[in-house]
Amino acid sequence: MKHELSLPEVLSQIEKTVRPQFGKGRVADYIPELATVDPKKFGMAVRTVSGQEYVIGDGDEPFSAQSVTKLFALGIALNRIGDEVWTRVGKEPSGTPFNYLSQLEHEAGFPRNPFINAGALAVVDMLLKGTRRPDLTVRDYMGFLCQNALTIDEAVARSEIETAHKNRAIANLMKGAGTLHHEVETVIAAYCRQCAITLSCRDLARAALPLAAGGYSPVIEETVFPARQARRLNALLLTCGVYDSVGSFAYRVGLPAKSGVGGGIVAIVPGQAAIAVWSPELDRHGTSVVGFAALEAFSQITNCSVL
Ligand code: DON
């Protein structure tokens, strides 16, 4: 990366820059168990393609990955069934919140992209064709990529399964439209359990590194998907990864990224590094306020951006 400062200096500068952002967002509470997390947590990890790794703050503390898992579930689906994925889900930004219903109804139950909840439910449905427990498949794939045994937080999973009214509405709409093949409750349970996978920023930066390295994982020293797939996933992240704030995210950060309502964000610097950040207070789009600011500071300080 071309910048004057060393990575540890960059990260310590970011830590100072983001301090005023605490208190501006709200921890997700529509999944009751997520509301129990300390809002002041902040962690960040950078893992470079060349093998450097820096972690600050709470970057080794596991958090609820939530929608960040959708990226890895999609990766598995693409590895398994290739372009057939696109017969079940689109590739266009939705311009709507992640759990928006009426667009789906207008579009005959066909999800705009794999990162909104409807699209992620379709991906779970695709994975259910080959395995009864896609949540475990995603957990193990992410764990394999970061070389750490990851767990599913059962309390978070249960809490979401009990309160997933909106996601059930989405799944029912899709089931009625014929765009979901398995039983609604089977898909919802697998989806909620997938979202409840926990991992740290260090784990996440490691797991996402193949997206920065043309499908090769320097962590496990193996090619995990073709370079073309890394490019395509990055394109989807850039255009759909943060839902209805992709425009301002591209404007302020300029990197492909995926957010989750646990407060995690993973961002990719193609050819160079994967960055993971975690801080639980969210903006109204479900993106970590402090995490967003940290990534903005990162791209400003390092001049790393795809744009
Ligand atoms: O389905 C939900 O609402 C959550 N399990 C995941 C949503 C999420 O993380 C959105 N991303 N920012």
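Residues numbered from 1 in each chain as written. Predicted model: local features only at pLDDT ≥ 70, side-chain atom pairs only at ≥ 80, totals over all residues.

Details of the overall build of the chain
When helices and strands are tallied, the chain shows 12 helices and 12 strands. Since a compact globule built from 307 residues should have a radius of gyration of about 19 Å, the 18 Å found for the chain is in line with a globular shape. Counting every position in the chain, which comprises 307 residues, the buried fraction comes to 53%. The long-range share in the chain, meaning contacts at least 24 apart out of those at least 6 apart in sequence, stands at 68%. (Helix = DSSP H or I, 4+ residues; strand = E, 2+ residues; numbered from the N terminus. Rg over C-alpha atoms; globule rule 2.2 N^0.38 Å. Buried ≥ 20, exposed ≤ 12 C-beta atoms within 10 Å, placed from the backbone. Contact = placed C-beta atoms within 7 Å.)

Some words on the sheet that holds strand β11 (residues 273-278)
With respect to topology, five strands assemble into an open sheet ordered β3-β2-β11-β10-β9, the strand pairing being antiparallel. Across the chains shown, the open sheet's two edge strands, defined by having one partner strand only, are β3 (53-57) and β9 (257-259). Taking each pair of neighbouring strands and ignoring which way they run, the sheet shows an average axis angle of 10°. In terms of strand pairing, strand β2 (residues 43-48) meets β3 through five bridges, oriented antiparallel. When the bridges of β3 are listed, M44 appears paired with I56. Running at roughly 145° to β11, helix α12 (residues 289-302) makes contact with β2, β9, β10 (264-269) and β11 of the sheet. (Pairing = 2+ DSSP bridges. Axes fitted to C-alpha atoms, helices over the stretch in contact; angles between N-to-C directions.)

Brief notes about the sheet that holds strand β5 (residues 151-152)
Taken in spatial order, the three strands of this open sheet run β4-β6-β5, and their pairing is antiparallel. The open sheet has two free edges, formed respectively by β4 (63-64) and β5, since each of these has just one partner strand. Pairing geometry for β5 and strand β6 (residues 197-199), over two bridges, is antiparallel. Looking at β6, one finds that T151 is bridged to T198.

Side note on the domain arrangement of the chain
When the parts of a complex come together, some accessible area is lost, and that lost area is often used as the size of the interface. Considered domain by domain, the chain is made up of domain 1 (7-66 + 198-302) and domain 2 (68-195). Taking the mean C-alpha position of each, domain 1 and domain 2 sit 20 Å from one another. Across the boundary between the two partners, domain 1 contributes 35 residues, which contact 32 residues of domain 2. Looking at the side of domain 1 that touches domain 2, the element that brings in the most residues is helix α10 (residues 227-240), giving five residues. A per-class count over the side of domain 1 that touches domain 2 returns 19 nonpolar, 11 polar and five charged. (Domains from an automatic or database assignment. Nonpolar A, V, L, I, M, F, W, Y, C, P; charged D, E, K, R; others polar.)

Some thoughts on the nonpolar core
Within the largest apolar cluster, 103 residues are counted, with the highest numbers of intra-cluster contacts made by L121, A274, I275 and L295. There are two domains that each give this core at least three residues, and those are domain 1 (7-66 + 198-302) and domain 2 (68-195). With residues up to four places along the chain from it excluded, the contact list for L295 reads V253, L255, A257, I265, A267, I275 and V277. (Core = buried A, V, L, I, M, F, W, Y, C linked by C-beta atoms within 7 Å.)

Details of the UniProt feature "binding site: substrate" (unreviewed entry) in the chain
Following the UniProt record, one finds the feature "binding site: substrate" (unreviewed entry) at S67, N117, E160, N167, Y191, Y243 and V261. N117 has contacts with F98, N99, N167 and I170, leaving out every residue within four places of it along the chain. Tracing the chain through its elements places V261 in the loop between β9 and β10. In this structure V261 comes out as buried when scored by C-beta crowding, with 24 C-beta atoms within 10 Å. (UniProt positions renumbered as here; feature names shortened; annotations may be inferred.)

Let's talk about the packing of helix α2 (residues 69-81) against helix α4 (residues 117-127)
Two numbers describe how α2 lies on α4: the axes approach to 10 Å, and their chain directions differ by 45°. It follows that α2 is oblique to α4 by the angle criterion. Here α2 and α4 pass one another in a crossing that is left-handed. Between α2 and α4, the contacting residues are K70, A73, L74, I76, A77 and I81 on the first element and A120, V123, V124, M126 and L127 on the second. In terms of residue class, the contact of α2 with α4 is built from 10 nonpolar, no polar and one charged. (Parallel < 35°, antiparallel > 145°, perpendicular 65-115°, else oblique. Left-handed = near helix turned anticlockwise from the far one by under 90°.)

Quick word on the site of the ligand
Taken together, Q66, S67, F98, N99, N117, E160, N167, C195, S259, G260, V261 and G286 form the complete shell of residues around the ligand. Each of domain 1 (7-66 + 198-302) and domain 2 (68-195) accounts for three or more of the residues forming the shell around the ligand. (Near = placed C-beta within 6 Å.)

Description of the confidence of the model for the chain
Residues at a pLDDT of 70 or more form 99% of the chain, whose mean pLDDT is 97. Our summary of model confidence lists the complex with pTM equal to 0.97 and ipTM equal to 0.99. (pLDDT = per-residue confidence, 0-100.)

A short note on helix α8 (residues 184-195)
Helical periodicity: at 3.6 residues per turn, an α-helix aligns residues three or four positions apart in one direction. Across its 12 residues, α8 extends 16 Å between first and last C-alpha, which sits within 8% of the 16 Å expected from 1.5 Å per residue. Within α8, burial applies to V187, I188, A190, Y191, C192, R193, Q194 and C195. (Expected span 1.5 Å × (residues − 1).)

Remarks on the pairing of β11
Successive side chains on a regular strand alternate, one facing one side of the sheet and the next facing the other. Counting buried residues in β11 gives six out of six residues, a clear majority hidden from the surface. What you see with β11 is no split at all: A273, I275 and V277 on one side and A274, A276 and W278 on the other are buried throughout. Direction of pairing for β2 relative to β11: antiparallel, over a ladder of six bridges. Considered in β11, the bridge of A45 is made with A276. Pairing between β10 and β11: six bridges, direction antiparallel. Bridge assignment links V266 to a residue of β11, and that residue is A276. Turn length for the β10-β11 hairpin, with the two strands adjacent in sequence and antiparallel, is three residues, and the turn residue G271 shows positive phi of about 85°.

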